[in-house]
Amino acid sequence: MGDTGTVWGGDELDLDAYLERIGWEGGELRADLATLKSVHRAHTGAITFESLDVLFGRPVGLDVKEVEGKLVHGRRGGYCYEQNTLLAAALERIGFEVSGRGARNRSRGDALTAVTHAVLVVTVEGEPWLCDAGFGWQGPREPVPLARPGAEVRQGEWVFRVREEADGVLVLCVPREGSWRDLYAFSPQPYHPVDYVVLNHYSSSHPRSAFVGRVVVQRQGDSERLALVGRELSRLLPDGRTERREVAAGELLALLGREFGLRLSERDEAELLRMYRAED
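The paragraphs below set out a description of the structure included in this document. (Residues numbered from 1 in each chain as written. Predicted model: local features only at pLDDT ≥ 70, side-chain atom pairs only at ≥ 80, totals over all residues. Heavy atoms only, no water.)

Okay, the pattern of salt bridges next. With the rule as written, the count across this model stands at 25 salt bridges. Two residues, R58 and D268, come together in a salt bridge whose shortest N-O distance is 2.5 Å. Taken together, the residues R58 in the loop between α3 (52–55) and α4 (64–73) and D268 in helix α8 (residues 266–277) connect sequence positions 210 residues apart. For R58, a relative accessible area of 22% puts it in the partly exposed group. Notably, a salt bridge pairs R235 with E224, separated by 2.7 Å at the nearest N-O pair. Separated by eleven residues along the polypeptide, R235 in strand β12 (residues 232–236) and E224 in the loop between β10 (216–219) and β11 (225–229) bring together distant segments of the chain. The exposure class of R235 is buried, given its relative accessible area of 18%. (Salt bridge = Lys/Arg side-chain N within 4 Å of Asp/Glu carboxyl O. Helix = DSSP H or I, 4+ residues; strand = E, 2+ residues; numbered from the N terminus. Buried < 20%, exposed > 50% of the residue type's maximum accessible area, 1.4 Å probe, protein only.)

As C-alpha cells, this is what we get:
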C-alpha cells in the first residue's frame, strides 16, 4: 500500500468482515477499476444512510474501529463521514490511492451552504474517480469519472454528470424535470480524516445542522430511492417523480426494517418511538 497506507486507517480494518457486511462477491481483490466499482456498488447497496445517533444526542465517532463496530459488526447505517471513512479504509487496504474532499450541498436550493459533506477521490491508472457512499438517496451507486467533465454517466436507471466551474470546482449533477440539478460542489483541495472530525462536530451538534433533532434515514435502490426525513417518506423514481406520504409512529419500526434494511436494538427502538411520538 505504499507510504500512505495508514492515512485512512486501512491497516486497522477487518477487511473480511467488511466484505461480508456488504455482500461483495467479486473474486480476487485488485486495485483496479472493476474492483472499485463492485466494492462501491456493494457498499451503497448494503449499508443504509442514517443519522439516528445524532437524533439520540450521542457522539458520532470516526475512528476506524468505532465505525467498523457500528456499521459492520453492529449492522447499523451511518452518515457521510462514517460511510466514507469506512469506504476509504477498505479501498486503502485493498491498495487504492484515496484522497478526501469537502463538498457544499446544493440539493436544497440556491443558498450558499458551508462545506459539510465528505467525499472521496480515488485515482485508478492515473484517472480520478469520485467515490461517495454517503450522500444518501440521491448519491451515486458507483464511482463517477472526474477526468471527463460534461459526460453523462448512466448507472442502471440513474444518470449523473460532473461539470466544471471556475477555480477547478467540480459539481455533481442529476437530471430532474427536464434540466440538470446540482447535488454538490467540491474544490481540488485535499481533505484529511482530521478535517472530517471538524465537519462531523458541526453536523452532529450544531442547532442548524440538517441532522439535529429529526429522523433522517435514506437508501439507494436500483428502481427507486427512499428517504424518511422527519415524518415524511419520499420515494424518488428514475423519471424524476417523487411520491410523498406521512409515516405514523405505529408503522415506523416495521418500515425501517422492510424498506431500509435497518434494525435497531430494543433500547434504540424505544428511544426512537418516544422521540417520534413526542412530535404529536
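With that out of the way, let us pick up empty space enclosed by the protein. As enumerated under the stated definition, the model contains two cavities of 30 Å³ or more in all. One number sums up the size of the largest cavity: a volume of about 60 Å³. Of the residues in the lining of the largest cavity, the class split is four nonpolar, six polar and one charged. Each pocket or cavity is described by its volume, and for the second largest cavity that value is around 30 Å³. Its residues assigned to classes, the lining of the second largest cavity comprises four nonpolar, no polar and two charged. (1 Å grid on protein atoms, 1.4 Å probe; cavity = no way out; pocket = protein on both sides within 12 Å on 5 of 7 lines; lining within 4 Å. Points joined across faces, edges and corners; volume = space filled by probe spheres on them. Nonpolar A, V, L, I, M, F, W, Y, C, P; charged D, E, K, R; others polar.)

Bear in mind that shape data such as this cannot, by itself, settle questions of function.
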